Amino acid sequence: GAVVSQHPSWVICKSGTSVKIECRSLDFQATTMFWYRQFPKQSLMLMATSNEGSKATYEQGVEKDKFLINHASLTLSTLTVTSAHPEDSSFYICSASDGDQPQHFGDGTRLSIL
Amino acid sequence: AQSVTQPDIHITVSEGASLELRCNYSYGATPYLFWYVQSPGQGLQLLLKYFSGDTLVQGIKGFEAEFKRSQSSFNLRKPSVHWSDAAEYFCAVGAPAAGNKLTFGGGTRVLVKP
């Protein structure tokens, strides 16, 4: 089946630093990738949708200058949390699609900002 | 806009007993419907999906779901649960007209008693 790899799985960093999370589709071409945020014991909230070669489309309330998304190839999208603060601590999950359903999910990245 | 409701936040079931998880959706057209399972600290695994056709859908791990348009429901069932089925379950609706974005329900946590 379709495999999506997300890296790193866990990152701890100091407040004010920037953190990059990678999402790769390993065995298919992901024309669309999605980034979600999940708080403890809560559901997934879509942050943004990125199409290869285009600017990401952000959901309402998501700061695009805070959460930079790049989707430069059909197998890689990155999410950079800039100047991270403790309130950015969360579980971030990506998913990838070849333009059709369903989306295939990565294993998530737990981000802890000290 | 689409929405998904999972009325049960927690369900406890004995091993070997049957399980039914409820899901109600709101969407103006024929939806794409999904059930995903998430183990702690992990990403999401697709259990099954409904796009069209037969309203009773078979999935992995012995799960099935039934689409009932008249009730706007897509309930998940398993005849006999195993201890390994303890996890968080998410129902989601996909909107083909909105770039295949997924909207998730709040999730149902399933606990399995020995």
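The structure reproduced in this document is the subject of the present report.

Cut-offs used in this document
- Residues numbered from 1 in each chain as written.
- Chains lettered and ligands numbered in written order.
- Predicted model: local features only at pLDDT ≥ 70, side-chain atom pairs only at ≥ 80, totals over all residues.
- Heavy atoms only, no water.
- Phe/Tyr/Trp six-rings, centres within 6.5 Å; stacked < 30°, edge-to-face > 60°.
- Helix = DSSP H or I, 4+ residues; strand = E, 2+ residues; numbered from the N terminus.
- Buried < 20%, exposed > 50% of the residue type's maximum accessible area, 1.4 Å probe, protein only.
- Pairing = 2+ DSSP bridges.
- Contact = heavy atoms within 4.5 Å.
- Buried area = accessible area lost by both parts, 1.4 Å probe.
- Salt bridge = Lys/Arg side-chain N within 4 Å of Asp/Glu carboxyl O.
- Polar contact = N/O pair within 3.5 Å; in protein donor to acceptor, adjacent residues only side chain to side chain.
- Nonpolar A, V, L, I, M, F, W, Y, C, P; charged D, E, K, R; others polar.

**Comments concerning the packing of aromatic side chains**
- In this structure the tally under the stated criterion is 14 aromatic pairs over all chains.
- With 6.3 Å between their ring centres and 45° between their planes, Phe67(A) and Tyr92(A) make a pair best called tilted. Separated by 25 residues along the polypeptide, Phe67(A) in strand E7 (residues 67-73) and Tyr92(A) in strand E9 (residues 90-97) bring together distant segments of the chain. Here the two residues Phe67(A) and Tyr92(A) agree in accessibility, since each one is buried.
- For the pair Tyr36(B) and Phe104(B), a centre-to-centre distance of 6.0 Å together with 50° between the ring planes defines the contact as tilted. Pair noted here: Tyr36(B) is in strand E5 (residues 32-38) and Phe104(B) is in strand E11 (residues 101-104), with a separation of 68 residues, a long-range link. When sorted by exposure, Tyr36(B) lands in the same class as Phe104(B), which is buried.

**Focus: the pairing of strand E12 (residues 108-113) of chain B**
Residue and element names in this part refer to chain B.
- Here E12 shows a buried face lined by Thr108, Val110 and Val112 and an unburied face lined by Arg109, Leu111 and Lys113.
- Relative to E12, strand E2 (residues 10-14) runs parallel, the two sharing five bridges. Residue pairing in the sheet places His10 in a bridge with Arg109 of E12.
- Relative to E12, strand E10 (residues 87-95) runs antiparallel, the two sharing three bridges. Residue pairing for E12: Tyr89 is matched across the bridge by Thr108.

**Overview of the interface of chain A and chain B**
- Residue-level contacts link 20 residues of chain A with 20 residues of chain B.
- In total, about 1500 Å² of surface goes out of reach between chain A and chain B, with carbon and sulfur atoms giving 56% of it.
- The tally of links between chain A and chain B comes to one salt bridge.
- One salt bridge in this structure joins Glu59(A) and Lys101(B), with 3.0 Å as the shortest N-O distance.
- Applying the counting rule to chain A against chain B returns five residue pairs in polar contact (both at pLDDT 80 or more).
- Going through the elements one at a time, strand E4 (32-38), strand E5 (44-51) and E9 of chain A are the ones with two or more residues in the side of chain A that touches chain B.
- Considering only residue class, the side of chain A that touches chain B consists of eight nonpolar, eight polar and four charged.

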